[in-house]
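Coordinates in review
The lines below spell out each chain.
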Amino acid sequence: MAATLILIELDSGKVKRASLNAITLAQQLGGDYALLLLGTDLEEVTASLTGYGASAVIAAEDAALAEPTADRYAAVIVEALKKASANTLLASSSTFSKDILPRTAALFDAPMLTDVLGIEGPAFRRPINAGSDLALVQLEGDRRVLTARATAFSAPSAVAEKSPIEKLDVTALSLPNDTEFISREERKSDRPDLGEARVVVAGGRPLKDTETFERLVGGLADVLGGAIGATRAAVDSGMVPNDYQIGQTGKIIAPELYIGLGISGAIQHLAGIKDSRVIVAINKDADAPIFQMATYGLVGDLHELVPQLIESLREV
Ligand code: FAD
């Protein structure tokens with residue numbers, strides 16, 4: 001029996017590191033918590049999760065769960081909640097949880113609160129208005145489905161005692177079959193993942209085309225061992241694919257170093273970077289709003305400054 005069930009996200013069979021931060025929220029909520037994984041070939045990955053203080057690591061393994069289709073996953077998660085007698089379902093905020101958990105919450109007949117940043121007494125703190133305001137929200141009833149913003153919680157520390165592994169038998173469940181998985185498009189890159197990188201270099205509208213974006217944003221990212229990101233303006237103009245978008249409708253990041261090249265600092269973009277430790281901005285307009293949030297700012301033309309910066313960093 002566990003008070004909280006935490007859905008762990010997998011990517012190509014590996015644990016998404018950010019999804020572990022939901023464990024820290026569960027620890028702050030108090031009570032026992034169990035971890036739940038869905039997919040195929042889970043043996044190794046399940047064993048890798050036994051050191052986080054969970055009352056159990058539950059594996060739901062079945063060919064029908066090879067791909068995360070919301071209808072099947074939701075049905076299995078609700079079954080796991082019932083078996084574990086858990087009232088709270090937790091996951092980290094991500095595209096995966098945005099897809100799976102609303103359906104789960106409806107089936108579980110529980111209210112859902114996304115992007116939790118912290119707990120204040122009986123209420124949860126979460127961003128509203130693109131992160132420019134914070135709301136305190138109190139949920140009614142004893143059931144709840146929450147997603148934790150991974151950048152607001154630290155990674156859980158490992159404990160010596162091992163959690164038991166349990167299997168959730170899904171063969172007896174009649175899983176919905178209304179959604180068909182067609183294909184997955186994956187972009188292979190040698191650069192780190194945008195959501196997990198320690199350094200992120202992002203580019204905006206004045207990068208103009210894919211080639212210039214790659215040469216300047218990609219070039220600077222590569223000398224720093226960083227990931228690349230973009231504004232919605234850069235994505236909309238077709239310079240980069242939309243999984244590079246940072247912000248309110250893109251990825252929320254909190255790297256140690258964020259460098260924005262030719263980015264005005266619209267509120268929707270800043271919502272995605274404001275937890276970064278150091279923010280550096282290069283913009284030719286000294287009044288650009290991004291300078292109000294930047295730790296260091298450089299006023300000038302990025303087409304002149306960035307090649308010089310890349311050259312100097314190469315010599316270091
Ligand atoms: P611009 O605002 O055009 O700014 C370009 C900047 O580059 C300017 O400050 C300019 O001074 C500078 N510049 C120009 N030339 C040079 C040069 N040669 N050298 C140096 N600097 C130069 N945006 C996001 O990024 N992420 C989101 O998730 C997002 N979600 C949105 C959701 C909604 C509902 C809405 C309405 C908007 C959203 N937007 C989002 C869009 C956002 O409002 C801005 O339009 C966008 O962020 C602007 O992108 P930008 O900074 O690249 O372009």
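As the structure is a computational prediction, the values presented were derived from the model and not from experiment.

Definitions and cut-offs
- Residues numbered from 1 in each chain as written.
- Predicted model: local features only at pLDDT ≥ 70, side-chain atom pairs only at ≥ 80, totals over all residues.
- Heavy atoms only, no water.
- Near = heavy atom within 4 Å.
- Polar contact = N/O pair within 3.5 Å; in protein donor to acceptor, adjacent residues only side chain to side chain.
- 1 Å grid on protein atoms, 1.4 Å probe; cavity = no way out; pocket = protein on both sides within 12 Å on 5 of 7 lines; lining within 4 Å.
- Sits in = over half its atoms within 2 Å of the grid points.
- Helix = DSSP H or I, 4+ residues; strand = E, 2+ residues; numbered from the N terminus.
- Nonpolar A, V, L, I, M, F, W, Y, C, P; charged D, E, K, R; others polar.
- Core = buried A, V, L, I, M, F, W, Y, C linked by side-chain atoms within 4.5 Å.
- Buried < 20%, exposed > 50% of the residue type's maximum accessible area, 1.4 Å probe, protein only.
- Pairing = 2+ DSSP bridges.
- Axes fitted to C-alpha atoms, helices over the stretch in contact; angles between N-to-C directions.

Points about the site of the ligand
Near the ligand, the surroundings consist of 25 residues, among which Arg205, Thr231, Thr249, Ser264 and Asn283 are the closest. Taking Gly262, its main chain carries an N or O atom lying 3.2 Å from an oxygen atom of the ligand. Within the backbone of Lys284, a nitrogen or oxygen atom sits 3.1 Å from a nitrogen atom of the ligand. If you map the ligand onto the pockets, it falls in the second largest pocket. Only α6 (232-236), α7 (267-270) and α9 (302-315) provide two or more residues apiece to the shell around the ligand. Taken together, the residues that form the shell around the ligand break down as six nonpolar, 14 polar and five charged.

Observations concerning the nonpolar core
In this structure, Leu5, Leu7, Leu36, Leu38, Leu65, Val76 and Ile77 are the most contacted members of the largest nonpolar core, which totals 31 residues. Elements represented by at least two residues in this core include exactly β1 (4-7), β4 (33-39), β5 (56-61), α3 (70-83), β6 (88-92) and α4 (95-108). At seven residues, the largest contribution of residues to this core is made by α3. Counting 24 residues, the second largest nonpolar core, distinct from the first, contains Leu25, Ala26, Leu49 and Tyr52.

Digging into the sheet that holds β1
Sheet architecture is open: seven strands sit in the order β7-β11-β6-β1-β4-β5-β12, paired in parallel fashion. This sheet does not close on itself; its edge strands, each paired only once, are β7 (112-116) and β12 (165-167). Geometrically, the sheet is characterised by an average inter-axis angle of 25° between neighbouring strands, direction not taken into account. Looking at chain direction, β6 and strand β11 (residues 144-148) are connected through five bridges and run parallel. For Leu89, the partnering residue across the bridge sits in β11 and is Val145.

Looking at the pairing of β5
Burial within β5 is extensive, with five of its six residues counted as buried. Sheet analysis places β4 next to β5, joined by six bridges and oriented parallel. Bridge pairing links Leu35 to Val57 in β5. Inspection of the sheet shows β5 paired to β12 by three bridges, in the parallel sense. Counterpart to Val57 in the pairing with β12 is Ile165.

Shape is all these values report; function is a separate question.
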